[in-house]
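Residue-level structural notes
Next come the chains, spelled out residue by residue.
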Amino acid sequence: MFVFQANAPNSALIPESDAVGVTVVLITCTYRGQEFIRIGYYVNNEYTDSEVRENPPQQPDFSQLQRNILASNPRVTRFHINWDGSTGKMEDIENIDPSLNPMLPPNCVPSKGLGLPGTALSIIPDNSMDCM
């Protein structure tokens, strides 16, 4: 197990329309230029004061926003890659029964997307598997 820490985002780079509400944090890992895992966490940025929440300012007030990360339910997507650099054809992950593969956790099932229909995040390559 490890702890991932990062500095807070530069609020000047966040579009005002994206500052408040639900978003995701994606962590991706690659090996030799091939993505082999993607971990996504839902994040809700909201005002702590109920009055400000009901009547938000036109420009986001970052000093009053609170970030809530749903760390208890990450979306993990694993990708089959060529670990040894060979050019052989990879197996199609949708043809693999997770219960027969001891390398995959039993809670892995073929699934596409992070549950955000119509967004770029709902498009996941065919060689992927979500684990919840």
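Remember, it's a predicted structure, so these values are computed and weren't measured experimentally.

1. As for the overall build of the chain
Secondary structure summary: the chain contains one helix and six strands in total. Beginning at the N terminus, the succession of helices and strands in the chain can be written as β-β-α-β-β-β-β. Taking all 132 residues of the chain together, 23% fall into the buried category. Sequence-distant contacts, at least 24 apart, represent 54% of the contacts inside the chain between residues at least 6 apart.

2. Looking at the pairing of strand E2 (residues 34-47)
The sheet contact formed by strand E1 (residues 21-31) and E2 spans eleven bridges and is antiparallel. Following the sheet pairing, Leu26 is matched in E2 by Gly40. The hairpin formed by E1 and E2 contains two residues between the paired strands, and Arg32 there has a positive phi angle of roughly 50 degrees. Summarising the sheet, E2 and strand E4 (residues 75-79) pair through four bridges and their orientation is antiparallel. Looking at E4, one finds that Arg38 is bridged to Thr77.

3. Topic: the environment of Arg75
Within the secondary structure layout, Arg75 lies in strand E4. Between the C-alpha atoms of Arg75 and Leu26, which are 49 residues apart in sequence, the distance is 9.3 Å.

4. Focus on the packing of aromatic side chains
Between two aromatic rings, the relevant description is the distance of the centres plus the angle of the planes. If you walk through the whole model with that rule in mind, you get two aromatic pairs. Ring geometry for Phe36 versus Trp83: centroids 4.9 Å apart, planes at 55 degrees, classification tilted. Here Trp83 lies in the loop between E4 and strand E5 (108-109) and Phe36 lies in strand E2, a separation of 47 residues in the sequence. Among the aromatic residues, those joined into a cluster by ring pairs are Tyr31, Phe36 and Trp83.

5. Focus: unusual backbone geometry
Here the phi dihedral of Arg32 falls at roughly 50 degrees; this positive angle occurs in a residue that is not glycine. Tracing the chain through its elements places Arg32 in the loop between E1 and E2. On the accessibility criterion, Arg32 (58% relative accessible area) is exposed.

6. Some remarks on the confidence of the model for the chain
Per-residue confidence for the chain averages 76 on the pLDDT scale, and 65% of its residues sit at or above 70. Within the chain, helix H1 (residues 50-54) carries the highest mean pLDDT (95), whereas E5 carries the lowest (46). Scored below 50 in pLDDT, residues 92-124 shows 57 contacts in the model against residues more than four places distant or in partner chains.

What counts and what doesn't
Per chain, the residues get numbers from 1 upward, laid out in the order the sequence is written. Owing to the predicted nature of the model, reporting of local features is limited to residues with pLDDT of at least 70; listing and counting of side-chain atom pairs is limited to 80 or more, with chain, interface and lining totals taken over all residues. The side-chain quantities take in all heavy atoms of the structure and omit both hydrogens and water. Only DSSP runs of H or I with at least four residues qualify as helices, and only runs of E with at least two residues qualify as strands; both kinds are numbered from the N terminus onward. The classification of residues rests on relative accessible area computed with a 1.4 Å probe and restricted to protein chains. Under 20% of the type maximum is buried, over 50% is exposed, and intermediate values are partly exposed. Should any heavy atoms of two residues lie within 4.5 Å, those residues are counted as being in contact. Two strands are counted as paired when DSSP detects at least two bridges linking them. Pairing of aromatic rings covers Phe, Tyr and Trp, the last counted by its six-membered ring, and requires centre-to-centre distances within 6.5 Å; plane angles under 30 degrees mean stacked, over 60 mean edge-to-face, and any other angle means tilted. Confidence of the predictor at the level of single residues is given by pLDDT, which spans 0 to 100.

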